Amino acid sequence: MQYRELGSTGITISAIVMGTWQAGKAMWAGIDDRETSTAVRAAFDEGITTFDTAEEYGRGHSERILGPALKDVRDRVVLASKVFPTNLEPAALVEACHRSLQNLSTDYMDLYQIHWPAGSWKTKTVPIEDSMEALMRLREQGKIRAIGVSNFSTEKLEKALKCGPVASVQPPYSLFWRQADRDLIPFCRERGITVLAYSPLAQGIITGRFGSEHRFAKGDHRVRNRLFSPENRENVERALSLFLPMAEELKVSPAKLALAWVLHQKGVCPVVGARNEAQIRDNAGAADLVLSDRNLEELERISAIATGGLDDDPVQWR
């Protein structure tokens, strides 16, 4: 496993972060708590020391699964959670933080992030100054070690930085979804802000497991993912027709190749979920995969095909 510094905080994170959106069960189908707990421990065994969750993932269910699974190794892991935009007023934010701490069975979080900007999903617009002030106070009290944001544009990130230090930003980012390359990632590189790329496997489509005739189970939110929509599916299938043989030629899984590409992007760490132990062990192996310049050039060509029909909207879902 590779390890990197989180922003300029002095906190060491694993280059591959285990995401636990699925662990919350809401918006997913076929998730088993016991398999999730086993996958979390397998991730730790493979050297993944950083785990990302959120209060919104199953209304705390993901946090309640993650915390106990790692309680005996708490001093050797980095726990990150997020506060939803319904709780960005200072008092509500502090309460949400305390709830997450209880769910996670810990007395501090290494990274606490604003999940979506205030006003997202028809929530109340709260000045970023107010939310950042509450986060800074939590940091001073030792409840959190670092502050991050998620789904922020470059403009919104700039406003947050005027209020205090921001160690990381989470955008959706993968070989097939690259809106963050336009200005957000270059902005972060210049300022030493870590980019935590969520959906680095394009919510699974990049693995080739979901053909054009695939139908998701009831309750699976991926039915609304724009990469799965008819207007983008042709480009995705063309890209996969090149990507999957490339993975086969390199003798690695498509997931491992996709994650390795993200790891080769300066300052970017993939946040990748897993339903079971086998998936997380395969994901962890991406840290050992070295891509040649020729490999990277071919992947850029494949990426251009997959992203060719997408607009500038960074939100993946309709």
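Located above this text is the structure these notes cover.
Before going into details, it helps to say that this report is about the structure given with it. (Residues numbered from 1 in each chain as written. Predicted model: local features only at pLDDT ≥ 70, side-chain atom pairs only at ≥ 80, totals over all residues. Heavy atoms only, no water.)

1. Focus: the overall build of the protein
The secondary structure content of the protein amounts to ten helices and ten strands. For 318 residues, the compact-globule estimate of 2.2 N^0.38 gives 20 Å, and the protein sits close to it at 19 Å. Its C-alpha atoms put the protein at 50 × 40 × 40 Å along the principal axes. Counting only residues that meet the buried cut, the protein has 58% of its 318 residues in that class. (Helix = DSSP H or I, 4+ residues; strand = E, 2+ residues; numbered from the N terminus. Rg over C-alpha atoms; globule rule 2.2 N^0.38 Å. Buried < 20%, exposed > 50% of the residue type's maximum accessible area, 1.4 Å probe, protein only.)

2. Description of the side chain of Ser-120
Considering the arrangement of structural elements, one finds Ser-120 in the loop between β6 (111-114) and α4 (128-140). The exposure class of Ser-120 is buried, given its relative accessible area of 17%. Among the polar contacts listed, one links the side chain of Ser-120 to the backbone oxygen of Pro-117, at a separation of 2.8 Å. (Polar contact = N/O pair within 3.5 Å; in protein donor to acceptor, adjacent residues only side chain to side chain.)

3. Focus: the pairing of strand β9 (residues 194-198)
Counted residue by residue, β9 has five buried out of five residues, so it is predominantly covered. Of the two faces of β9, the one holding Thr-194, Leu-196 and Tyr-198 and the one holding Val-195 and Ala-197 are both buried throughout. With two bridges joining them, strand β8 (residues 168-170) and β9 adopt parallel strand pairing. Across the sheet, Val-169 pairs through a bridge with Val-195, a residue of β9. For the handedness criterion, the β-α-β arrangement of β8, helix α6 (residues 184-191) and β9 is classed as right-handed. Pairing of β9 with strand β10 (residues 268-272), which is carried by four bridges, proceeds in the parallel orientation. Directly across from Ala-197, in β10, lies its bridge partner Pro-270. (Pairing = 2+ DSSP bridges. Right-handed = clockwise from strand over helix to strand, strands pointing away.)

4. Structural notes on the sheet that holds β10
Read around the barrel, eight strands follow the order β3-β4-β5-β6-β7-β8-β9-β10 and close on themselves; strand pairing throughout is parallel. Neighbouring strand axes in the sheet, compared pairwise and without regard to direction, differ in orientation by 25° on average. Sheet topology places strand β4 (residues 50-52) next to strand β5 (residues 78-83); three bridges connect them, and they run parallel. Considered in β5, the bridge of Thr-50 is made with Val-78. Strand contacts of helix α8 (residues 254-263): β9 and β10, with the helix running at about 150° to β10, the strand carrying the most contacts. (Axes fitted to C-alpha atoms, helices over the stretch in contact; angles between N-to-C directions. Contact = heavy atoms within 4.5 Å.)

5. What to know about the packing of aromatic side chains
Counted under the stated rule, the structure contains four aromatic pairs. For the pair Trp-21 and Tyr-57, a centre-to-centre distance of 6.0 Å together with 20° between the ring planes defines the contact as stacked. Separated by 36 residues along the polypeptide, Trp-21 in the loop between β3 (17-19) and α1 (33-45) and Tyr-57 in the loop between β4 and α2 (61-70) bring together distant segments of the chain. The residues Trp-21 and Tyr-57 share a single accessibility class, namely buried. Geometrically, the ring pair formed by Phe-176 and Phe-243 is edge-to-face, given 6.3 Å between the ring centres and 65° between the ring planes. Here Phe-176, found in the loop between β8 and α6, pairs with Phe-243, found in helix α7 (residues 230-250); they are 67 residues apart in sequence, far enough to count as distant. Residue classification places Phe-176 among the buried residues on the basis of a relative accessible area of 0%. (Phe/Tyr/Trp six-rings, centres within 6.5 Å; stacked < 30°, edge-to-face > 60°.)

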